[in-house]
Amino acid sequence: MASDISKVKQSPRQYRHGQKPNWRVVLDAVLALGRPVTVAEVGDYIVKRIPKFSLSNLGPNLSVLSVNCSSRGHHAVNRAPRRTNTGNKYDRLIRIGHGPGVRFTKYIPEIHGVWELVDIGEKSLRPRLFCSANSVRLDEAREAATSTGMFDPKDNDDARRRIIATIVQREGQPKFRKDLLDAYLGACVITGCTVASLLEAAHIVPYRGPHTNVVENGLLLRADIHRLFDLHMLRIDPFTRTVHLCDELRKSEYGNLEGIRLREPKDPSMLPLQDVLEERDIQCLSMGQFELDATRPDK
């Protein structure tokens, strides 16, 4: 009898669709698709493999798993406050946008930052961005710079060289910057600033070799705007080429930039490529600092 009991205890738990709970089936589908996907795409993927799978709880399962979904605190497994850097098995996805175009993709703390479930009263929890990935990286870089003696006030010549090298690095590769200055007639595409020493060459998608140093993958930006762009605090709608700010910037002195349309290059053939703008936009939206306009066209 003892042997029989032991066998029962060791046998894997059986769920409706095998040895995986529904939430795990949903998670595996999103991960297998390997890109930001809609609810419909997740459902289609699952049903092709498990025809009898009920899609009635597909939305709730996605919300349970999405670190930035406002309704995830309604589910029993998410009733206790926590942060997403604690290894909880349900902190696996991130939601991009809302409304008809909402998509889901794998949650990566190094990209999407650390989120937390916080008590907002009346026994309700809501997700909140605790620390952006950029904040973590900047703090680490500052600490590394200080610990390695990068800032040495006693070595004036070395300090000057470092400052100049940093400025040149920020400006971008010389030819890439020169081409952008020429294409946009020496003006920042967002602010219109024409002070050449403040203008930098920004890649829309990151530098991946010389082939990415083309005007169609670049923006001429004022230095401070370039930094905000790198920190994903502003995004450019790939369909209208208008600027949208994160909440923090909207409430700041940069608020007047909301809704500005990018300046166009002197030659229309030099406009930013649609696919690179879309790639960049997906990355910005996945950071969790923006909400996707429900009226935006969805591919």
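For clarity, every value in this text was computed on a predicted model and none was experimentally measured.

## Some points on the sheet that holds strand E5 (residues 124-131)
Within a sheet, each strand pairs with its neighbour through backbone hydrogen bonds, oriented either parallel or antiparallel.
Part 1 of the reasoning: One open sheet accounts for three strands, arranged E1-E4-E5; its pairing is antiparallel. The outermost strands of the open sheet, each flanked by one partner alone, are strand E1 (82-83) and E5.
Part 2 of the reasoning: With two bridges joining them, E1 and strand E4 (residues 114-121) adopt antiparallel strand pairing. Paired with Arg83 across the bridge in E4 is Glu116.

## Regarding the pairing of strand E6 (residues 199-203)
Part 1 of the reasoning: Counting buried positions over the five residues of E6 gives five, a clear majority of the element.
Part 2 of the reasoning: Bridge count between E6 and strand E7 (residues 218-222): five bridges; the pairing is antiparallel. In the sheet register, Leu199 faces E7, and the bridge partner there is Arg222.

## Some points on the environment of Val64
Part 1 of the reasoning: Within the element layout of this structure, Val64 appears in helix H4 (residues 58-65).
Part 2 of the reasoning: Put simply, Val64 and Asp91 are 27 residues apart on the chain and 8.1 Å apart in space, counted from C-alpha to C-alpha.
Part 3 of the reasoning: Each residue touching Val64, except ones within four places of it in the same chain, is listed here: Arg72, His75, Val77, Asn78 and Tyr90.

## Focus on H4
Every α-helix winds through 3.6 residues per turn, so residues three or four apart in the chain are directed the same way.
Part 1 of the reasoning: Counting buried positions over the eight residues of H4 gives six, a clear majority of the element.
Part 2 of the reasoning: Every buried residue of H4 is listed here: Leu58, Asn61, Leu62, Ser63, Val64 and Leu65.
Part 3 of the reasoning: Buried-residue contacts for H4 involve helix H2 (22-33), helix H3 (39-49), strand E2 (93-96) and strand E3 (103-106).

## Some points on the side chain of Glu116
Part 1 of the reasoning: When you line up the elements, Glu116 lands in strand E4.
Part 2 of the reasoning: Overall, the relative accessible area of 9% leaves Glu116 in the buried class.
Part 3 of the reasoning: Within the local environment of Glu116, its side chain forms a polar contact with the side chain of Arg83, the two groups lying 3.3 Å apart.
Part 4 of the reasoning: Engagement of the side chain of Glu116 in a polar contact is seen with the side chain of Arg128, the distance being 2.6 Å.

## Observations regarding the packing of H2 against H4
Part 1 of the reasoning: At a minimum axis distance of 9 Å, the contact between H2 and H4 shows a crossing angle of 75°. Here H4 runs roughly perpendicular to H2, going by the angle between their axes. Within the contact between the two elements, H2 uses Asn22, Trp23, Val26, Leu27 and Val30 and H4 uses Leu58, Asn61, Leu62 and Leu65.
Part 2 of the reasoning: Here the residues of the contact of H2 with H4 sort into seven nonpolar, two polar and no charged.

Definitions and cut-offs
- Residues numbered from 1 in each chain as written.
- Predicted model: local features only at pLDDT ≥ 70, side-chain atom pairs only at ≥ 80, totals over all residues.
- Heavy atoms only, no water.
- Pairing = 2+ DSSP bridges.
- Helix = DSSP H or I, 4+ residues; strand = E, 2+ residues; numbered from the N terminus.
- Buried < 20%, exposed > 50% of the residue type's maximum accessible area, 1.4 Å probe, protein only.
- Contact = heavy atoms within 4.5 Å.
- Polar contact = N/O pair within 3.5 Å; in protein donor to acceptor, adjacent residues only side chain to side chain.
- Axes fitted to C-alpha atoms, helices over the stretch in contact; angles between N-to-C directions.
- Parallel < 35°, antiparallel > 145°, perpendicular 65-115°, else oblique.
- Nonpolar A, V, L, I, M, F, W, Y, C, P; charged D, E, K, R; others polar.

So far we have only geometry, and geometry alone does not tell us how the molecule works.
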